[in-house]
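Report on the structure
This is what each chain is made of:
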Amino acid sequence: MDKPLNSLDRHFHLPDVRRVEADRPLMWLRMGWNDMRSSPAASLGYGALAAVIGYLILAYAARMPYLFVAAMSGFFLVGPLVAAGLYEISRRNERGETVSFMESLKGLQRHGDHLAYYGAFLAFALIGWERLSAILFALFYHETASPDLANFFQDVFLSGNYVQFVVSYLVIGAAIAGLIFVLSVVSVPMMIDRDADIATAMMSSVRAVGHNPDAMAVWAVLIVALIGVGFATMMIGMVVLLPLVGHATWHAYKDLIE
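Position numbers for residues count from 1 along each chain, tracking the sequence in the order it is written. Totals for whole chains, interfaces and linings use all residues, but because this is a predicted model, local features are given only for residues with pLDDT of at least 70 and pairs of side-chain atoms are given and counted only at 80 or more. Water and hydrogen atoms were dropped before computing side-chain values, which therefore reflect all heavy atoms in the structure.

To continue, consider the pattern of salt bridges. Throughout this description, the term salt bridge denotes a Lys or Arg side-chain nitrogen within 4 Å of a carboxyl oxygen of Asp or Glu. Per the counting criterion, the structure on display carries eight salt bridges. For Glu88, the salt bridge identified is with Arg110, shortest N-O distance 3.3 Å. One end of the pair, Glu88, is in helix α5 (residues 84-94); the other, Arg110, is in the loop between α6 (101-108) and α7 (112-140), with 22 residues separating them in the sequence. On the basis of relative accessibility, which here comes to 47%, the residue Arg110 falls in the partly exposed class. Two residues, Glu94 and Lys254, come together in a salt bridge whose shortest N-O distance is 3.8 Å. Taken as a pair, Glu94 in helix α5 and Lys254 in helix α13 (residues 238-256) lie far apart in primary sequence, 160 residues in all. Accessible area is worked out with a 1.4 Å probe on protein chains only. A residue is then buried under 20% of its type maximum, exposed over 50%, and partly exposed in between. You can call Glu94 partly exposed: its relative accessible area is 43%. Connected via shared salt-bridge partners are Glu88, Arg91, Arg92 and Arg110. Runs of E in the DSSP output that reach at least two residues are strands. Runs of H or I that reach at least four are helices, and both are numbered from the N terminus.

Take a look at the structure:
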C-alpha cells in the first residue's frame, strides 16, 4: 500500500506519517482525559452544548424513524468538525496555556476559511446520507412497521422481518462513515495546527490510515463505542465522552503526523 500512498506526494506536499502500535488509541484516550482535567470547564462546555443540541434534534425526529436513525448515524459524519474547539484547547494545553470556552472559539477564527470548506464538505455528506436513508426506508420499510420509535428498533432491526433493509442500511451507512473517517481522522486538527488546506489535510489523513490500518481500526471501534454510549444515555454521557474523544483525536494527530 505504501507505493500508491507515496504517489500522493507528486500532487500534495504531505508530511511524513509515523507508524504506531495497534493499542496506541488507548494512550490517546488517556492523554485526552488529561486534557479534560486541565481545562474542565471549556471541555465540558463543548460536551454540554453538543448534548443539548443532539437531544433537541433527536427529540424533534422521535416520531420520524428514518430521520431519527439518520440523525444518530449522521453525528459520526459531522463529529470531527463539532470537536474543532476541543482541538484548539488541546493545542494550547500543549503550550502550557490556559484557555476558556470563548477563547477556544476565537482561536478557530484564524482557520475560518479552511474549516468552512470542510464544513461544507461534511454538510454535503450529511445531506447525501439523509437522502439515501430516506430512499432505503421508502424501498424496504413497509407501512405495517410500527411508527412508534419505542418499538421501531425491535420491530425492524430485531424481528427478522426487514433483513434486506437492515443489511442495506448498515452496509451503506458503514461505507459512508468509513470513507468520512478515512478522510477526517486527522484533517481538522491538522488544519488548526498547521493552517493546512482541506486537500492536503484529507490526503494526510488517508495516508495516516493507510500506514496504520490496525491502530485506525481500533480507533474507529472505540469512537463508535464511546459515542454510542452517549446516545444510549440520552445524550447525558455525551457531556464527557465527546470532549474525551475530541481531545484524544488531537493526540492521534500529533502521534501520527510528523
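That shown, we press on.
Geometry of an aromatic ring pair is reported as the spacing of the ring centres plus the angle between the planes. Stacked, edge-to-face and tilted labels apply to pairs of Phe, Tyr and Trp rings (six-membered ring for Trp) whose centres lie within 6.5 Å, assigned for plane angles under 30 degrees, over 60, and everything in between, in that order. The tally for this structure, following the rule as stated, stands at 10 aromatic pairs. Considering the side-chain rings of Phe137 and Phe165, the 4.8 Å spacing of their centres and the 75 degrees angle between planes classify their relative orientation as edge-to-face. You can see Phe137 sitting in helix α7 and its partner Phe165 sitting in helix α9 (residues 163-184), a full 28 residues away along the chain. For Phe137, a relative accessible area of 5% gives the class buried. Three or more aromatic residues link up through ring pairs in this structure, and these residues are Trp129, Phe137, Phe165 and Tyr169.

Even without being a glycine, Met234 presents a positive backbone phi close to 60 degrees. Its place among the elements puts Met234 in the loop between α12 (213-232) and α13. A positive phi is found at Met235, a non-glycine position, where the angle reads about 75 degrees. Take Met235: its relative accessible area is 2%, and that puts it in the buried class.

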